[in-house]
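Coordinate analysis (summary)
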Amino acid sequence: MIPDELPGDELDAAVELEAGADAAGQRLDQWLAAQLGPEISRSRVQAMIKQGAVSIAGKPVGEARRKMATGERVLIVMPEPEPAEPQGEDIPLDILYEDDELIVINKPAGLVVHPGAGNWTGTLVNALIHHCGDSLSGIGGVKRPGIVHRLDKETSGVMVVAKTDRAHRALSEAFADHGRTGDLERAYLALVWGIPQRPTGTIDAPLGRAADRVRRAVVPQGRDDARHAVTHFTVVERFGEGQKEFTTASLVECRLETGRTHQIRVHMAHIGHPVIGDPDYGQAFRTKANRLPEPLKSEVKAFSRQALHAWLLEFRHPTTHLTMRFEAPMPRDMEEFVGGFRKF
């Protein structure tokens, strides 16, 4: 059974669960993540399975995709917790601006923002601790000091980080307000499959947890975990328009009115135009690459991340109260990727 109390970020040292009839046929990692609740993510469960911490009938299970059967008893021995405080690491930063209150960086794709399961080192937080030292705001907690917003690991672009508690509070309020008072603006560029019917549009669809409890999904408004989410989009460029032989694509600018996890990726997929290269929300569209001419078809299949870039961030400085605007051009891999679509 699962303990009634969940101390810290982990469960008790050992947990034993019994699979009911509804578990039959489910993947082991998916079922365990659902049983253990939000404190333990699916990726954390997968890591524990690889470490040999999950056993069935007294034998460690090494395959996360193993199918469950009714009545099976699963024993999870929780590993020792990772060090609570991340350490500074000399990781290069592309700094767009810095003063005593804050630092603005251009985050590269592939860099995780803060430590978490499977990513305790090599993160932006580790780099910031090394670069800023004791000046980094501690409001976000030891695992995410200074962080007031984040970008997905494979999303590149502009981020602001607070260096003082005062800046952290002011910036957090601006992000919580989602720019409704005019103090915050965020814009992204996304290369998506297909061409939206309208050149501009608004996606107003609440987001919540998907069935696997890891990804996000558009959910009914009345569901307990439903969160208001609004994305405004504008088609910037169209690729392959007017021909029928090949599939089409477009470069879209997305501006956030709210800031939910994976919001742009989920919303664009929801309207049938997922971000190209998105491994979580664009899987159903992977075969569209087969309807592209070479070498573009090979380039799409080789592109290893979602083609999403945060190109603009504008906010009011927490102490000078001046409006600050920062732009970052698309990184080389995405610029070349978009260039391939421009040629066909």
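This structure is a prediction, so every number in the text was calculated from the model and none was measured.

1. Remarks on the layout of surface pockets
- Considered as a void within the structure, the second largest pocket measures approximately 290 Å³ in volume.
- Looking at the lining of the second largest pocket residue by residue, the classes come out as seven nonpolar, four polar and four charged.

2. Topic: helix H3 (residues 124-132)
- Residues of H3 that are buried: Leu124, Val125, Asn126, Ala127, Leu128 and Cys132.
- Residues of H3 that are buried make contact with strand E6 (102-107) and strand E7 (156-162).
- A side-chain oxygen of the first residue of H3 lies 3.3 Å from the backbone nitrogen of valine 125; this N-cap is threonine 123.
- Just beyond H3, the residue with positive phi is glycine 133, at close to 65 degrees.

3. Things to note about unusual backbone geometry
- Put simply, glutamate 294 and proline 295 share a cis peptide bond, and its omega is 5 degrees.
- Turning to its location among the elements, proline 295 is positioned in the loop between helix H5 (263-270) and helix H6 (296-302).
- In this model, alanine 57 sits at a positive phi of 55 degrees, which is unusual for a non-glycine residue.
- Among the structural elements, alanine 57 can be located in the loop between strand E2 (54-56) and strand E3 (59-60).
- Exposure remark for alanine 57: the relative accessible area of 73% places this residue in the exposed category.
- The phi angle at histidine 321 is positive, at roughly 65 degrees, despite the residue not being glycine.
- Along the chain, histidine 321 turns up in the loop between strand E14 (308-316) and strand E15 (323-327).

What counts, and at which threshold
Residues numbered from 1 in each chain as written. Predicted model: local features only at pLDDT ≥ 70, side-chain atom pairs only at ≥ 80, totals over all residues. Heavy atoms only, no water. 1 Å grid on protein atoms, 1.4 Å probe; cavity = no way out; pocket = protein on both sides within 12 Å on 5 of 7 lines; lining within 4 Å. Points joined across faces, edges and corners; volume = space filled by probe spheres on them. Nonpolar A, V, L, I, M, F, W, Y, C, P; charged D, E, K, R; others polar. Buried < 20%, exposed > 50% of the residue type's maximum accessible area, 1.4 Å probe, protein only. Helix = DSSP H or I, 4+ residues; strand = E, 2+ residues; numbered from the N terminus. Contact = heavy atoms within 4.5 Å. Polar contact = N/O pair within 3.5 Å; in protein donor to acceptor, adjacent residues only side chain to side chain.

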